[in-house]
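# Reading the structure
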Amino acid sequence: MVADSSFAALDLIAAVRRHVTLITRLRLDANLFEPAPARVPGRRGRPALKGKRVPKLDAVLRDPATVWTKVTLTEWYGGQTCRLEYTSATALWSKAGLPPQPIRWVLVRDPSGTRDAQAFLCTDADLTAEAILTRFVMRWRIETTFQEVRRHLGVETQRQWSDKAILRTTPALLALYSLVTLWAHELHTRAGPIRPQTAAWYDKRLPTFSDALADVRRALWWPQISSTSPPSRDPVKIHPDLLDRWIDTLCRAA
């Protein structure tokens with residue numbers, strides 16, 4: 001489960017770590033500790049929950065003795081390639097009033113100085129730092145999908161009173177998003193590349209979902225608005241074979 005910094009909470013980690021692996025952001029001033037030392041036989045009192053305090057990540061960032069590892073992420077935001085440096089280790093993250101939780105933290109910096117340093121945590125201590133960074137970047141594609149279905153297909157704007165309608169509408173609109181994408185790809189294969197709709201203040205070089213939706217609408221509406229004497233009043237329909245192929249693709253992706 002990949003989430004933003006709003007989900008970086010110790011009580012949430014304690015509740016879900018037995019069921020899922022959580023990857024999220026981590027504050028640079030988080031309180032990190034070593035594992036609790038082994039209990040000495042015969043010592044009275046409650047056993048220790050954490051060991052010695054380790055330096056905070058903002059101190060690790062400024063420390064000239066920190067060893068950094070170079071990594072190149074090919075699936076960066078916008079389909080670009082990004083070169084970063086990281087350092088990583090395991091620790092206990094603790095906060096007053098809550099039991100400490102074991103995590104793997106990853107501190108990332110940009111050698112060029114373009115981006116600010118960031119830190120991430122993962123509840124799976126065995127996961128590599130490269131895998132943690134790659135999976136966190138993949139979250140952006142999901143966020144973009146949610147944004148597009150809200151903006152262009154009206155997800156979360158419905159006014160329904162039936163429980164079944166509430167449960168069915170959002171999955172249906174997400175399926176429609178996938179069908180539009182597949183149909184636009186089919187049009188791209190047959191009729192050439194999709195032309196992005198640009199403006200004087202926005203030079204968009206690659207097509208987005210709004211461009212795909214416009215091409216699909218054009219394919220549906222053009223036969224009706226361009227012909228003054230249509231041979232039939234039946235609306236343009238999707239061929240059953242093509243629809244079956246899209247549904248099969250969706251099922252395999254699911």
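Source: prediction; values computed, not measured. Per-chain numbering applies: the sequence of each chain, read as written, is numbered from 1 onward. With pLDDT at 70 or above as the cut-off, local features in this predicted model cover only qualifying residues; side-chain atom pairs require 80 or more to be listed or tallied, and sums for whole chains, interfaces and linings still use all residues. The side-chain quantities take in all heavy atoms of the structure and omit both hydrogens and water.

Under the scheme used here, helices are H or I runs from DSSP no shorter than 4 residues and strands are E runs no shorter than 2 residues, and both carry numbers assigned from the N terminus. Scanning the chain from N- to C-terminus turns up six helices and six strands. Projecting the C-alpha coordinates of the chain onto the three principal axes gives extents of approximately 95 × 50 × 30 Å. For the exposure calls, accessible area comes from a 1.4 Å probe over protein chains only, and a residue counts as buried if that area is under 20% of its type's maximum, exposed if over 50%, partly exposed in between. Going through the 254 residues of the chain one by one, you find that 29% of them count as buried. Contacts spanning at least 24 positions in sequence make up 49% of the contacts within the chain whose residues lie at least 6 apart. Across the chain, the 37 positively charged side chains and the 25 negatively charged ones have centroids separated by 6 Å. In this analysis, two residues are considered to be in contact whenever any of their non-hydrogen atoms come within 4.5 Å of each other. A residue counts as positive if it is Lys or Arg and as negative if it is Asp or Glu; His and the chain ends are not included. Charge coordinates come from a single atom per side chain, which is NZ of Lys, CZ of Arg, CG of Asp or CD of Glu.

Looking now at the pattern of salt bridges. It is possible for side chains of opposite charge to pair when their charged atoms get near one another. The term salt bridge refers to a side-chain nitrogen of Lys or Arg lying within 4 Å of a carboxyl oxygen of Asp or Glu. Under the defined criterion, the tally for this structure stands at seven salt bridges. A salt bridge links arginine 109 to glutamate 85; the nearest nitrogen and oxygen atoms lie 2.8 Å apart. Of this pair, arginine 109 sits in strand S5 (residues 98–109) while glutamate 85 sits in strand S4 (residues 82–95), and the two are 24 residues apart along the sequence. Overall, arginine 109 belongs to the partly exposed group, its relative accessible area being 29%. When the shortest N-O distance is used, the salt bridge between arginine 218 and aspartate 215 registers 2.6 Å.

We now examine the pairing of S4. Walk down a regular strand and you will see the side chains alternate between the two sheet faces. Should DSSP find at least two bridges between two strands, the strands are regarded as paired. Note: strand S2 (residues 32–33) against S4, two bridges, orientation antiparallel. Of the residues in S4, the one forming a bridge with leucine 32 is tryptophan 93. Across ten bridges, S4 lies against S5 in antiparallel orientation. Bridge pairing in S5 links leucine 92 to proline 102. A loop of two residues connects S4 with S5, the two strands running antiparallel in sequence, and glycine 97 in this loop sits at a positive phi of about 90 degrees.

Turning our eyes to something else, we now look at the environment of phenylalanine 7. Tracing the chain through its elements places phenylalanine 7 in the segment before helix H1 (10–16). Residue phenylalanine 7 is classed as partly exposed on the basis of its relative accessible area of 42%. C-alpha of phenylalanine 7 to C-alpha of arginine 17: the two residues are ten residues apart in sequence and 13 Å apart in space. Once residues within four sequence positions are removed from consideration, phenylalanine 7 is found in contact with Leu12, Leu22 and Thr24.

It is worth spelling out the packing of helix H3 (residues 129–153) against helix H4 (residues 163–191) at this point. Axis lines are fitted through C-alpha atoms, for helices just across the contact stretch, and the angle between N-to-C directions can take any value from 0 to 180 degrees. Where H3 contacts H4, the two axes come as close as 11 Å, and the packing angle between them is 100 degrees. Here H4 runs roughly perpendicular to H3, going by the angle between their axes. For the pair H3 and H4, the contacting residues are Thr145, Glu148, Val149 and Leu153 in the first and Leu173, Leu174, Leu176 and Tyr177 in the second. All amino acids are sorted into three groups, where Ala, Val, Leu, Ile, Met, Phe, Trp, Tyr, Cys and Pro are nonpolar, Asp, Glu, Lys and Arg are charged, and the leftover types, Gly among them, are polar. Residue composition of the contact of H3 with H4, by class: six nonpolar, one polar and one charged. Oblique is the label for every angle not falling under 35 degrees (roughly parallel), over 145 degrees (roughly antiparallel), or within 65 to 115 degrees (roughly perpendicular).

Moving on, we come to H4. Expected helix span is given by 1.5 Å per residue-to-residue step, counting one fewer step than there are residues. Taking 1.5 Å of rise per residue, 29 residues should cover 42 Å, and H4 covers 42 Å from first to last C-alpha, within 8% of that figure. For H4, the principal kink sits at threonine 169 and spans about 25 degrees; a proline, proline 171, occurs within the next four residues. Buried residues of H4: Thr169, Leu173, Tyr177, Val180, Trp183, Ala184, Glu186 and Leu187, and no others. Looking one or two places after H4, you find glycine 192, whose phi comes out positive at around 105 degrees. Throughout, the bend at a residue refers to the angle made by two axes, fitted to the seven residues ending there and to the seven starting there.

Our focus in this paragraph is the side chain of threonine 123. Within the secondary structure, threonine 123 is located in the loop between strand S6 (118–122) and H3. Polar side-chain contacts of threonine 123 include one of 2.9 Å to the backbone nitrogen of leucine 22. Setting aside its immediate chain neighbours within four residues, threonine 123 contacts Ile13, Arg17, Val20, Thr21, Leu22 and Pro102. Pairing of N or O atoms within 3.5 Å defines a polar contact, subject to two protein rules: one partner must be a possible hydrogen donor and the other a possible acceptor, and residues neighboring in sequence count only if both atoms are side-chain atoms.

Next up on the list: the environment of isoleucine 23. Its place among the elements puts isoleucine 23 in strand S1 (residues 23–25). Spatially, the C-alpha atoms of isoleucine 23 and methionine 1 are 6.2 Å apart, while their sequence positions differ by 22 residues. Apart from the residues lying within four places of it in its own chain, the contact partners of isoleucine 23 are Met1, Val2, Ala3, Leu121, Cys122, Leu127, Ile132, Arg135 and Phe136.

On to the packing of aromatic side chains. Stacked, edge-to-face and tilted labels apply to pairs of Phe, Tyr and Trp rings (six-membered ring for Trp) whose centres lie within 6.5 Å, assigned for plane angles under 30 degrees, over 60, and everything in between, in that order. Counted by the stated rule, this structure contains two aromatic pairs. Ring centres 4.7 Å apart and planes at 55 degrees place the aromatic pair phenylalanine 120 and phenylalanine 136 in the tilted group. Within this pair, whereas phenylalanine 120 is found in strand S6, its partner phenylalanine 136 is found in helix H3, the two being separated by 16 residues in sequence. With relative accessibility at 6%, the residue phenylalanine 120 sits in the buried group. Between tyrosine 177 and phenylalanine 209 the ring centres are 4.3 Å apart and the planes differ by 25 degrees, which places this aromatic pair in the stacked class. Of this pair, tyrosine 177 sits in helix H4 while phenylalanine 209 sits in helix H5 (residues 209–226), and the two are 32 residues apart along the sequence. A single burial state applies to tyrosine 177 and to phenylalanine 209, both of which are buried.

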